[in-house]
Amino acid sequence: MRILWSVLLMVMMTFAARPAFADDLADEAELQFQLGADRYKAGDFRGALEHFLASNRLVPNRNVVFNIARAYENLHEMPNAHRYYTTALDQESNPAAKKKIAEALQRISSQVAVIKIETNPPNATVYIDRKDLGPRGESPRALGLAAGSYRIVVAKEGYEDASAGPLKVRAGTTTPVLLSLRAIVSSVRIQGEAGAVAHIDREDAALACTLPCTLQIPPGRHTIYAQKVGFQSLESAVDVVRDRPQTVSLHMIPVTGNLVVSADVRDALVSVDGKATGFTPVVLTAPVGVHRVQISQEGFRSFEQTVVVGKNQQTRVDAQLLQVEEVNAASRSTESVDDAPSSVSIISREEIRAMAYPTIAEAIRGVRGVYLSQDYAYENAGFRGFSRPGDYGNRVLVLIDGQPTNDDYVGSSYIGYDARVDIDDVERIEVIRGPGSVLYGTGAFFGVIHLVTRGRTAPTHVEAAASTADANITRGRATAQVRIGPEAGFWASVAAAHGVGNDYFFPEHANDAYGGNARSLDGFNAATTNGRVWYKDLTAQWFLTSRKKTLPDGGVGTAFGDPRDHFADTRGFLEVRYEPRVSAQLQSMSRAHINLYDFDSLLVNDYYAGNDGSLRGGVDTEAFRGIWGGLEQRFVYSPVRSVKITIGGELQRHFEAQQTGNDEARVLINRDDPYTTGAGYLIGDVTPEKHVKFSLGSRYDYNSTSEGAFDPRAAIIVKPADRWNVKVMAGRAFRAPSVYELFYSTDSQIPAPSLRPEHISSGEVEVSHRFNTTVTGTVAGYTNYVTDLVVLRGSGTPGDPNFYANSSSPILTIGGEAEVRREWRQGWMVAAQYSYQHSRYLNDGGTLRNVPNSPEHLAGFKGAVPIVGRSLVMMSRVSFDGPRWDRYDQVTDPPQLQTDPSVIWDLVFSGEAEKLGVRYSLGVYNITNWKAAVPISAEFVERTAQQNGRTVLATTSISF
């Protein structure tokens, strides 16, 4: 009965799931099934199995598989029954049937040994003992076997075979087997356009890698598809051979468009996506897509624009470059002129070259609020109505890349050939008006002149130059700059000059032996070396200059017309700086410097007092030797973008400050007065929003030879509207008495009994408006109040010797300035300025007249015009100085007289042959030969000194 029900069940399952076939093969399969069912019903399980297997071969059917399993079970061939039950279970979807099959497996499980096989990756073909015995299905797979020992082998296309065993198994147990197959691959390196993506075998396949990359690919023929925005898609076939690495190079063709770039400045560098590609104006071919275009030119703000280039389309970029007027000296860090808390003028490299300025003095002539003087020995600069005769510019500080160059004897600032032979190493000159002691201490009284020399970016080259300049001067120079790498290099220059000088007639000496004529007595010889070496944040710079100048005017009590009269000055320094960026918020600057100043003079006097009291002619010699060194540490901290804090301190020790003087009879002076100075300073800049900036600072200076000084500074900078800039500034500065003023002595002068530092308090409002990208207008009003001015007292006789004292009469200056300037564009430039400055004594009790050497009116005009591009540029300058009162400012003096106003017109033609590396200039200063005169000190017989007349200059240089 049990067999009958089994047969009925098989028949029902077979017909319930059996599909209908209309061909002969289906009929044959059906026949085999019926025969098998008949044999099964008759209990002939072997015959039934034969027919069921034949039916399944003809038309595979999961229910026939089940019948095969049942036949094996009845034949007690349990491993085979287990195998077919497992196959039937895998193929069955009917829940009731699956349950029935599972029960059958459970029923026979105790009579077979089960090996459960899994592979990584799955779907590997399973073999028992040997592959030639035929497969046993695909993993994962559970195999029912008779108890015994077996070896499991798995295989998959593209992978190496894996095996396990022999495994000894027992009936009624399940043995798990996990096998990992190792892929058969070869290494293929794909090179090509960086950033392109690669797909293997199908263009829509998953991303394989981003070029350049290395892939492991199965052996055989494959296709690599490469894609990148802006390039044509590329496919390349590759035959991969087992265990043979290879490289495939894909050359993608960009899809391009045109990029037309122009700017209002010619020859500006154009970079696309950070790569330099040409100079404006330029037409470029660029791949389609998004690009970042940058246009840069030295002296201008960089222009950046993001553009989208289309296929076979033209994209235009039109740039207007804004002139970058950056200044270092106003805050001891680089900032724009608009943001600097001072009144600043910049003399650019273009102007220095176009006018072929021979000296610092000539470069600053005509700058707003600045005027010049010279007394046949030294040239001096006056700022905003003050340049006292005989002060030798000791109230103006001159810097070279932040290092002061004033001497430590008188505090003189050197701006003529005594400063340097030429200014060809100077990239720009910053002129900062107003008190600067909060940054630099003593000497930065009325203003600062900062020379910024060659930078690090110039390529390796050598220059040689020769020139003639005013007063029959010839000069030669050589420069070398070497770029060792992106962060290391050096430059150095040497220069020499010889001046024959002018011939003069001095009416005051008309009765002397030479009839007042001074011929060939105004010459000089000078030499300068300057340079810098750098490596990353470490910089060392050096400077040494020396000049010997003969004196044509018989001043300082000398015998008129003696060719031996001369002054000699030598100034030098070596400075080492380390300026690392400690973090994104903190910048450090450490510097050490060593300095020297030597002064020598030989003066042939009309007479001197002998030991017997008689008067005799003779020679006076004087000398000063100064050696000093210093250390400075500064930190600039920006906790947030809107706040910058500068804190620092410096210490200087003047190891030697020795004065000596002799005449032919005796020693007049021989003393050494070493001294020490120190300072600490704090400056805070706050920008609460982009239109407002507050700057506050203070500094305390210690000087072992005089009182200390505390100097504050405050500024508010507001941009009330687009293109407007308003500065409101106030500050205080000091000047400590010099070694000369404190200790110098001769028969006619004694050391100062007591001297306090001079002080100046200043207030200023400056308003500027940028009319467009090139034209700016500026107006300013200011007031200066000077107290404790150091002045010379006495009549200079043994009974009433000279000495220095602090004046009880303050000086008040009120002034205003106006300037309109069109910045350099393609060789064009125009600037015009006017300055009014009125200085007067206060609380003088009626004992003083007018402030000497203080012109009330100054004006200037500059203009440049390109005639033939860069090959020939014409530039002209006109400067006007109003009348000045001479030195006789006390009511007991002779009458005080005024000089005549002066108008000086200069014209220079300059240019370059860029491909040849040649520059040249030819010009005339003071074309009209205006006989200008300026007041000079009481050391001279004359009231005034005649300034240079018409002079011709010519320069030529070659770079290679």
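Everything discussed here concerns the structure shown above.
Note that this is a predicted model, so its numbers are computed, not measured.

### Notes on the packing of aromatic side chains
Working step 1: Overall, the coordinates contain 23 aromatic pairs when judged by the stated rule.
Working step 2: On the basis of an interplanar angle of 25° and a centroid distance of 5.0 Å, the ring pair of Tyr417 and Phe524 is categorised as stacked. Placement of the pair is Tyr417 in the loop between β28 (403-404) and β29 (426-433) and Phe524 in strand β36 (residues 524-535), with a sequence separation of 107 residues.
Working step 3: For Tyr417, a relative accessible area of 7% puts it in the buried group.
Working step 4: Chaining the aromatic ring pairs together yields one cluster made of Tyr378, Tyr392, Tyr409, Tyr414, Phe567, Tyr597, Phe599, Phe624, Tyr740, Tyr744 and Tyr804.
Working step 5: For Arg877, the ring lying beneath its charged end belongs to Tyr925, and the centroid distance is 5.6 Å.

### Notes on unusual backbone geometry
Working step 1: That bond from Ser139 to Pro140 is cis: its omega, 0°, falls within 30 degrees of zero.
Working step 2: Within the secondary structure, Pro140 sits in the loop between β3 (135-138) and β4 (141-145).
Working step 3: Following Leu211, the chain continues into Pro212 via a peptide bond in cis, with omega recorded as -5°.
Working step 4: Among the secondary structure elements, Pro212 is positioned in the loop between β10 (209-210) and β11 (213-217).
Working step 5: Not every positive phi belongs to a glycine, and Asp401 is a case in point at roughly 50°.

### Details of the side chain of Asp788
Working step 1: Tracing the sequence through the fold places Asp788 in the loop between β48 (775-787) and β49 (790-793).
Working step 2: Of note is the side chain of Asp788, whose polar atom sits 2.7 Å from the side chain of Arg756.
Working step 3: With residues near it in sequence (within four places) discarded, Asp788 still touches Arg756, Pro757, Glu758, His759, Asn806 and Ser807.

### Considerations on helix α4 (residues 62-74)
Because the α-helix completes a turn every 3.6 residues, residues three or four places apart line up on one side.
Working step 1: Spanning 13 residues, α4 covers 19 Å between terminal C-alpha atoms, matching the ideal 18 Å at 1.5 Å per step.
Working step 2: Of all 13 residues in α4, 11 are buried, a share of seventy percent or more.
Working step 3: Buried residues of α4: Asn63, Val64, Val65, Phe66, Asn67, Ile68, Ala69, Arg70, Ala71, Tyr72 and Glu73, and no others.
Working step 4: Regarding α4, its N-cap is Asn61, as a side-chain oxygen of that residue lies 2.8 Å from the backbone nitrogen of Asn63 further along.
Working step 5: Following α4 by one or two positions, His76 has its phi on the positive side, about 60°.

### Let's talk about the state of the cysteines
The term disulfide refers to a covalent linkage connecting the sulfur atoms of a pair of cysteines.
Working step 1: In total, this model carries one disulfide according to the counting rule given.
Working step 2: Covalent S-S linkage joins Cys209 and Cys213, the inter-sulfur distance amounting to 1.9 Å. Take Cys209 and Cys213: they sit in the same class, and that class is buried.

### Some thoughts on the sheet that holds strand β15 (residues 256-263)
Working step 1: Spatially, the three strands line up as an open sheet ordered β18-β15-β21, and their pairing is mixed. The open sheet has two edge strands, β18 (282-287) and β21 (314-319), and neither has a second partner. Averaged over all pairs of adjacent strands, the angle between strand axes in this sheet comes to 25°, irrespective of strand direction.
Working step 2: Two elements, β15 and β21, share six bridges in a ladder whose sense is parallel. Its bridge partner lying in β21, Ala263 is registered against Ala319.

### Description of the packing of helix α2 (residues 24-41) against helix α3 (residues 45-58)
Working step 1: At a minimum axis separation of 7 Å, α2 and α3 run at an interaxial angle of 165°. As far as their axial angle goes, α3 and α2 are roughly antiparallel. Here α2 runs over α3; the crossing is left-handed. Across the interface between the two elements, Leu25, Glu28, Ala29, Gln32, Phe33, Leu35, Gly36, Ala37, Arg39 and Tyr40 from α2 touch Phe45, Gly47, Ala48, His51, Phe52, Ala54, Ser55 and Leu58 from α3.
Working step 2: Along the lines of polarity and charge, the residues of the contact of α2 with α3 split into 11 nonpolar, five polar and two charged.

### Details of a nonpolar patch on the surface
Working step 1: A contiguous nonpolar surface patch, about 740 Å² in accessible area, is contributed by Leu538, Leu544, Leu574, Val576, Tyr578, Ile594, Leu596, Ile627 and Phe655.
Working step 2: When residues of the nonpolar patch are traced back to their parent elements, those giving at least two are β37 (538-550), β38 (566-578) and β39 (586-609).
Working step 3: Position of Leu574 relative to the elements: it lies in strand β38.
Working step 4: Its relative accessible area of 40% is what places Leu574 among the partly exposed residues.

### With respect to helix α5 (residues 78-91)
Working step 1: For α5, with 14 residues, the first-to-last C-alpha span of 20 Å sits near the 20 Å given by 1.5 Å per residue.
Working step 2: Of all the residues in α5, the buried ones are Met78, Ala81, His82, Tyr84, Tyr85, Thr86, Thr87 and Ala88.

### Digging into the sheet that holds strand β6 (residues 162-169)
Working step 1: In space, the four strands of this open sheet follow the order β3-β2-β5-β6, with antiparallel pairing throughout. Of all strands in the sheet, those bounded by a partner on one side alone are β3 and β6. With strand direction ignored, the average angle separating the axes of adjacent strands in the sheet is 25°.
Working step 2: Note that strand β5 (residues 148-155) and β6 share six bridges and pair antiparallel. Note that in β6 the partner of Ile152 across the bridge is Ala164.

### Topic: the pairing of β48
Working step 1: Two elements, strand β47 (residues 758-770) and β48, share 12 bridges in a ladder whose sense is antiparallel. Each bridged residue has a counterpart across the sheet, and for Gly763 the counterpart in β48 is Thr783.
Working step 2: In the sheet, β48 pairs with strand β51 (residues 811-825) via 12 bridges, with the strands oriented antiparallel. Looking at the pairing, Thr778 lines up with Glu819 of β51.

### Focus on the packing of α5 against helix α6 (residues 95-108)
Working step 1: Interaxial distance between α5 and α6 falls to 10 Å at its minimum, and their mutual angle equals 155°. Taken together, α5 and α6 sit at an angle that is classed as roughly antiparallel. Here the hand of the crossing between α5 and α6 comes out left-handed. Here Met78, Ala81, His82, Tyr85, Thr86, Ala88 and Leu89 of α5 lie close against α6, whose contacting residues are Lys98, Ile101, Ala104, Leu105, Arg107 and Ile108.

### With respect to the pattern of salt bridges
Working step 1: By the definition in use, this model includes 61 salt bridges.
Working step 2: For Arg292, the salt bridge is made with Glu304, and the minimal N-O distance between the two is 3.9 Å. With a gap of 12 residues between them, Arg292 in strand β19 (residues 289-296) and Glu304 in strand β20 (residues 303-309) connect regions that are remote in the sequence.
Working step 3: A relative accessible area of 34% means that Arg292 is categorised as partly exposed.

Calculation criteria
- Residues numbered from 1 in each chain as written.
- Predicted model: local features only at pLDDT ≥ 70, side-chain atom pairs only at ≥ 80, totals over all residues.
- Heavy atoms only, no water.
- Phe/Tyr/Trp six-rings, centres within 6.5 Å; stacked < 30°, edge-to-face > 60°.
- Helix = DSSP H or I, 4+ residues; strand = E, 2+ residues; numbered from the N terminus.
- Buried < 20%, exposed > 50% of the residue type's maximum accessible area, 1.4 Å probe, protein only.
- Lys NZ or Arg CZ within 6 Å of the ring centre and 35° of its normal.
- Polar contact = N/O pair within 3.5 Å; in protein donor to acceptor, adjacent residues only side chain to side chain.
- Contact = heavy atoms within 4.5 Å.
- Expected span 1.5 Å × (residues − 1).
- Disulfide = S-S within 2.5 Å.
- Pairing = 2+ DSSP bridges.
- Axes fitted to C-alpha atoms, helices over the stretch in contact; angles between N-to-C directions.
- Parallel < 35°, antiparallel > 145°, perpendicular 65-115°, else oblique.
- Left-handed = near helix turned anticlockwise from the far one by under 90°.
- Nonpolar A, V, L, I, M, F, W, Y, C, P; charged D, E, K, R; others polar.
- Patch = residues over 30% accessible without salt bridge, like charges linked within 9 Å, V, L, I, M, F, W, Y side chains within 5 Å.
- Areas by Shrake-Rupley, 256 points an atom, 1.4 Å probe, with all protein chains shown as cover.
- Salt bridge = Lys/Arg side-chain N within 4 Å of Asp/Glu carboxyl O.

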